[in-house]
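# Analysis of the macromolecular model
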Amino acid sequence: MELKWLLYVTLLALGTLAVQAHDLDDDNDGDDVVDIEDDLDDGIEEVEESKPETNTPPPTPKVTYRAPVPTGEVYFAESFDKGTLDGWILSRAKKDDTDDEIAKYDGKWEVQDMKDTKLPGDKGLVLVTRAKHHAISSKLSKPFVFDTKPLIVQYEVNFQNGIECGGAYVKLLSKTPELSLDQFHDKTPYTIMFGPDKCGEDYKLHFIFRHKNPKTGKYEEKHAKRPDADLKTYFTDKKTHLYTLVLNPDNSFEILVDQTVVNSGNLLNDMSPPVNPPREIEDPNDQKPEDWDERPKIPDPDAVKPDDWDEDAPAKIADENAVKPEGWLDDEPEYVPDPDAEKPEDWDEDMDGEWEAPQIANPKCETAPGCGTWQRPMIDNPNYKGKWKPPMIDNVNYQGIWKPRKIPNPDFFEDLEPFKMTPFSAVGLELWSMTSDIFFDNFIICTERAVADDWASDGWGLKKAADGAAEPGVVGQMMAAAEERPWLWVVYILTVALPVFLVVLFCCSGKKQPSAAEYKKTDAPQPDVMDEEKEEEKDKGDKEEEEEEEEANEEKLG
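I will try to describe carefully the structure that is included in this document. (Residues numbered from 1 in each chain as written. Predicted model: local features only at pLDDT ≥ 70, side-chain atom pairs only at ≥ 80, totals over all residues. Heavy atoms only, no water.)

## Topic: the state of the cysteines
To keep it simple, the criterion reads: The disulfide definition used here is simple: a pair of cysteine sulfur atoms within 2.5 Å. Numbering of helices and strands runs from the N terminus; a helix is a DSSP stretch of H or I covering at least four residues, while a strand is a stretch of E covering at least two. A 1.4 Å probe rolled over the protein chains alone gives each residue an accessible area, and that area as a share of the maximum for its type sets the label: buried under 20%, exposed over 50%, partly exposed in between.
Counted according to the given criterion, the structure contains 2 disulfides. The side chain of Cys165 participates in a disulfide bridge whose partner is Cys199; the two sulfur atoms lie 1.9 Å from each other. Residues Cys165 and Cys199 are joined by a disulfide whose S-S torsion is about -95 degrees; by sign, that bridge is left-handed. Placement of Cys165 in strand β7 (residues 165-167) and of Cys199 in strand β9 (residues 190-199) is noted, with a sequence separation of 34 residues between them. Using a relative accessible area of 42% as the deciding quantity, one classes Cys199 as partly exposed. Here Cys365 engages in a disulfide with Cys371; their sulfurs sit 1.8 Å apart. Judged by the torsion about the S-S bond (-120 degrees), the Cys365/Cys371 disulfide is left-handed. Neither Cys365 nor Cys371 differs from the other in exposure class; each is buried. Counting its disulfide-bonded cysteines in sequence order, the chain shows a connectivity of 1-2, 3-4.

Put into structure tokens, the structure is as follows:
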């Protein structure tokens, strides 16, 4: 029992200290900052002297970076680790229908290390400026022709400063005689657009391809359905993410982020608008007949208004049972001229008219139930029925909602192989962003999944491993948090002590009878001791009776 109470008091004291430490920490946050800044030099020496000797933590595992090398045939591969923009062409174009001040593609691109990089030597392409048009592109080693092999497009993006409004998507520029990379702009024909885009709270991951109508020769954008996955984290966590598009000859596609599928479908079924138009369309020349009846219900033509139906009865009537409250001031108006108001000195009665004091609430009415002419309150009229209308009945002539007839679609076509898109010969980034320092890295375009996976492992995989090695474990995170908030130490202690307390409480809460050896002279007798004493007293009483009988017999004999 004493142990249980001791534990209880200890935990209570620790809880009180936790609350006080938390309050003290919150109250003194600002003061602590000032004291640290004022006494930094003295504090460093004092801390060094008072710092207890501790074991040196094991060094963080080091991840060595080597530029990735393709392990198979590729159409394009770029890691930027040479530190230059060799092979990339900056656009000198201007946007149409835009003010000259912002029409130029004068946004700045640079090859840089990523901020807070854990892999020295790993460089990437950085969109440096904000609120400008940016356009840069590079030729493929050979044009990609959609035939019997898949298309795999993969690259990395890191929104180092988060993203306010802007995109980080790539365009695969169509192979055309007119393609000039130094004139790359928003209307340059592309075959596929793929990648992340965000503005406001709308987080997107685009997959758009331009499909050529085989009858008209015109191109139309086809958009993949929106993924069901929550994409917000990829835009806000300031980590490098790997974006992959896999497009197969059977028209199926997959979109992956960090090698996890977030969207998939088929070009024939999961694009908007659909690749193939409908076989039939509504006849634009068809017109609804004048006698077509679309009314499912009509007023009953045989219904008659009842004789006692009063359409003139008002909806509200005065309450005849109401009584004027006592103290009502009939002769006092609700509002009176303000007695303290004065006519302005510049008031001109010829121009402004006769001056009148502004009205204020009558002070006499403040203590009375009301002022002015009393009127009975209005209540609902129980006899009110409103304008009579005949009841509605089913329309025997109802023909349903009219629709124009269907006719064969003159523009119908059926493309069962939308995978066979327009070949492309270059990759480009044409972006507007309100956020700077968007980091791009490790572009690859190939046909083999294994090649793309190896490239990802040697690039994005190393970044992920380096970030994981640099992050503290759970214990390290708890220790770091406790250094910032010392009161967390009490929480940790309580977390460990509470289970122990409960175990002791449940194990030791039963009542225990003391053993016979623990009884003292002043203790109450045990049950067996009481029985023995009663037997001794009985034997003693019997013996005394025998002695008295013997003495009586001896007296008689004497």
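## As for the environment of Lys385
Tracing the backbone through its elements, the reader meets Lys385 in the loop between β21 (378-380) and β22 (392-394). Taking C-alpha positions, Lys385 is 6.9 Å from Asp310, a pair spaced 75 residues apart along the chain.

## Concerning the packing of aromatic side chains
What counts, and what does not: Two rings from Phe, Tyr or Trp (for Trp, the six-membered ring) form a pair when their centres sit within 6.5 Å of each other. Planes less than 30 degrees apart are called stacked, planes more than 60 degrees apart edge-to-face, and all others tilted.
Taken as a whole and judged by the stated rule, the model has 18 aromatic pairs. Consider the rings of Trp109 and Phe440, whose centres lie 6.2 Å apart with planes at 50 degrees: the pair is tilted. Of this pair, Trp109 sits in strand β3 (residues 109-113) while Phe440 is found in strand β25 (residues 438-446), placing the two residues 331 residues apart along the sequence. Overall, Trp109 belongs to the buried group, its relative accessible area being 6%. Here the aromatic rings of Phe146 and Phe419 are separated by 5.4 Å at their centres, their planes lie at 85 degrees, and the arrangement is edge-to-face.

## Description of the side chain of Asp81
The test is simple: His is not counted, nor are the chain ends; Lys and Arg add positive charge and Asp and Glu add negative charge. Within this document, salt bridges are pairs made up of a side-chain nitrogen of Lys or Arg and a carboxyl oxygen of Asp or Glu, the two lying within 4 Å of each other. N or O atoms closer than or at 3.5 Å make up a polar contact, with two conditions inside protein: a donor-capable atom paired with an acceptor-capable one, and, for residues adjacent in sequence, both atoms drawn from side chains. In what follows, a contact means two residues having at least one pair of non-hydrogen atoms within 4.5 Å.
Examined against the element boundaries, Asp81 turns out to sit in the loop between β1 (74-78) and β2 (88-90). No salt bridge is formed by the buried Asp81; the nearest opposite charge belongs to Lys463, separated by 7.1 Å. From its side chain, Asp81 meets the backbone nitrogen of Lys123 in a polar contact 3.0 Å long. Other than its neighbours up to four places away in sequence, Asp81 contacts Tyr65, Ala67, Pro68, Gly121, Asp122 and Lys123.

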